[in-house]
Amino acid sequence: MTFSTIMVHVDFERSNNACLPIAVDLAEQFGAKLIGIAAFTMQVPFEEDAILSQTVIEDLRSQSAKQMMEAEARFRSAAGTRPRHVEWRSAMAWPMGFIAREARVADLIIAGANRDGLLPFDQPWRLDPGDLVMQAGRPVLVVPPDAGKLKLKCAMIAWKDTREARSAVNNALPLLHKVEEVVVVEVIENESDRTAAHGALDDVVSWLGHHGIEASARVFHFPDDQQPMKKLWQYGADFIVAGAYGHARVREWVFGGFTRDLLMRSPQCAFLAH
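Residues numbered from 1 in each chain as written. Predicted model: local features only at pLDDT ≥ 70, side-chain atom pairs only at ≥ 80, totals over all residues. Heavy atoms only, no water.

### Looking at the overall build of the protein
Each helix and strand in the protein was counted, giving eight helices and 12 strands. A burial count over the protein gives 49% of its 274 residues as buried. Within the protein, counting contacts between residues at least 6 apart in sequence, those at least 24 apart form 79% of the total. Carbon together with sulfur atoms contributes 49% to the accessible area of the protein, which is approximately 13500 Å² in total. (Helix = DSSP H or I, 4+ residues; strand = E, 2+ residues; numbered from the N terminus. Buried < 20%, exposed > 50% of the residue type's maximum accessible area, 1.4 Å probe, protein only. Contact = heavy atoms within 4.5 Å. Areas by Shrake-Rupley, 256 points an atom, 1.4 Å probe, with all protein chains shown as cover.)

Spelled out as structure tokens, the structure:
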């Protein structure tokens, strides 16, 4: 298994200084085609009872086209000649819908984390990585803004015996093959669940072994009033593989606490699948 095509979102407003180098590195390591993608919809100023002139509309279109060209230039400059195949896709469209549709060509999507605290409906012209995970039908590597080079020394699998976790681990196999150390972790709230958790993790470790990946298992006990994320972050993994848990509401996705922490606060890259 491999990643033959990697897609990276190029943001117009947030920094791409973390996403683009990681995307280029991974494309080079896998010999994958690298697709840069961006979408932008005009933010039309609205005043009650006002009618925008054709000149104003044309100015907005011109500014948007210029931003699109600048985004492509940043992508191509970052890619250089390292990936063997490079492609650019863009559109004047809502980012979420456009990128979710174009995801059909990708094995992996890379996108920057949302750290400004705004919900998708606050700024619908910007891509929300949580929305992307839930709608793209492809795994998404969410990159925090201060991430450095993605090291492949240690990967943590945050295990929960659900279809989302199974999907995430299965999708992550190409990346896990390149990692020196893989640890499968389950968090329990009751100490009485430890034996059952170890049994499940042993099965996951065995399954990974059949795929040529050597892994170990750890069970962490955290009572209800403790937050496990800090302990997991301190473990020293370079990235975390996890299922994304959430459900749709009228205008947003509502995530479970663990998924929300990975999207909003994790200092490590998070490999997520739904």
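Let us keep going from here.
### Some details on the nonpolar core
Ranked by internal contacts, the top residues of the largest apolar core, which has 58 residues, are L26, I110, L141, L176, L208 and F239. L208 has contacts with I157, V169, L173, L176, V182, V184, I213 and A215, leaving out every residue within four places of it along the chain. Core analysis: the second largest hydrophobic core is formed by 39 residues, I109, A113, M134 and A242 among them. (Core = buried A, V, L, I, M, F, W, Y, C linked by side-chain atoms within 4.5 Å.)

### Regarding the environment of E28
With respect to the helices and strands, the residue E28 is situated in helix α1 (residues 19–30). Judged by its relative accessible area of 40%, E28 falls in the partly exposed class. Sequence-wise, E28 and P83 are 55 residues apart; in three dimensions their C-alpha atoms are separated by 5.0 Å.

### A look at the side chain of D128
Mapped onto the fold, D128 is located in the loop between β4 (108–112) and α4 (129–135). Among buried Asp, Glu, Lys and Arg side chains, D128 stands out as unpaired, with R14 the closest opposite charge at 5.5 Å. Of the polar contacts made by the side chain of D128, one reaches the backbone nitrogen of G130; its length is 3.0 Å. (Lys, Arg positive; Asp, Glu negative; His and termini not counted. Salt bridge = Lys/Arg side-chain N within 4 Å of Asp/Glu carboxyl O. Polar contact = N/O pair within 3.5 Å; in protein donor to acceptor, adjacent residues only side chain to side chain.)

### Details of the confidence of the model for the protein
A residue-level look at the protein finds 85% of positions with pLDDT of 70 or above and a mean pLDDT of 86. Of all secondary-structure elements in the protein, the lowest mean pLDDT belongs to strand β11 (residues 253–255), at 58, while strand β1 (residues 5–9) reaches the highest, 98. (pLDDT = per-residue confidence, 0-100.)

### Here's the deal with the sheet that holds strand β6 (residues 154–158)
Here we have 10 strands laid out as an open sheet, ordered β3-β2-β1-β4-β5-β12-β9-β6-β7-β8, and mixed in their pairing. Edge positions in the sheet fall to β3 (86–91) and β8 (215–221), since each of these pairs with one other strand and no more. Strand-to-strand, the axes of this sheet are offset by a mean angle of 25 degrees, without reference to chain direction. (Pairing = 2+ DSSP bridges. Axes fitted to C-alpha atoms, helices over the stretch in contact; angles between N-to-C directions.)

### Describing the pairing of strand β2 (residues 33–39)
The buried count for β2 comes to six of seven residues, which makes it a mostly enclosed element. Sheet analysis places β1 next to β2, joined by five bridges and oriented parallel. Its bridge partner being in β2, M7 is matched across the sheet by I35. The β-α-β motif built from β1, the intervening α1 and the parallel element β2 has right-handed crossover chirality. Bridge count for β2 against β3 is six bridges, and the pairing is parallel. Considered in β3, the bridge of A38 is made with S90. (Right-handed = clockwise from strand over helix to strand, strands pointing away.)

### As for the pattern of salt bridges
Per the stated rule, a full pass over the model turns up 12 salt bridges. A salt bridge links D161 to R166; the nearest nitrogen and oxygen atoms lie 2.7 Å apart. Where R265 meets D261, a salt bridge forms, and the shortest distance between an N and an O atom there is 2.2 Å. Exposure remark for R265: the relative accessible area of 48% places this residue in the partly exposed category. Owing to a relative accessible area of 5%, D261 belongs among the buried residues under this scheme. Here the salt bridges do not stand alone but share partners, grouping K33, E87, R89, E102 and R104 into one network.

### Remarks on the state of the cysteines
Going through the model one piece at a time under the given rule, you end up with zero disulfides. C19 takes part in no disulfide bond, and the closest cysteine sulfur, belonging to C269, lies 8.0 Å away. (Disulfide = S-S within 2.5 Å.)

### Considering the pairing of β1
In terms of burial, β1 is largely enclosed, as five of its five residues are buried. Residues T5, M7 and H9 line one face of β1 and the alternating positions I6 and V8 line the opposite face, and both faces are buried.

### A word on helix α3 (residues 95–102)
Buried residues dominate α3, accounting for six of its eight residues. Among all positions in α3, only P95, M96, F98, I99, A100 and E102 are buried.

### With respect to the side chain of S266
With respect to the element layout, S266 can be found in the loop between α8 (257–264) and β12 (269–273). Reaching out from S266, the side chain makes a polar contact with the backbone oxygen of Q268 at a distance of 3.0 Å.

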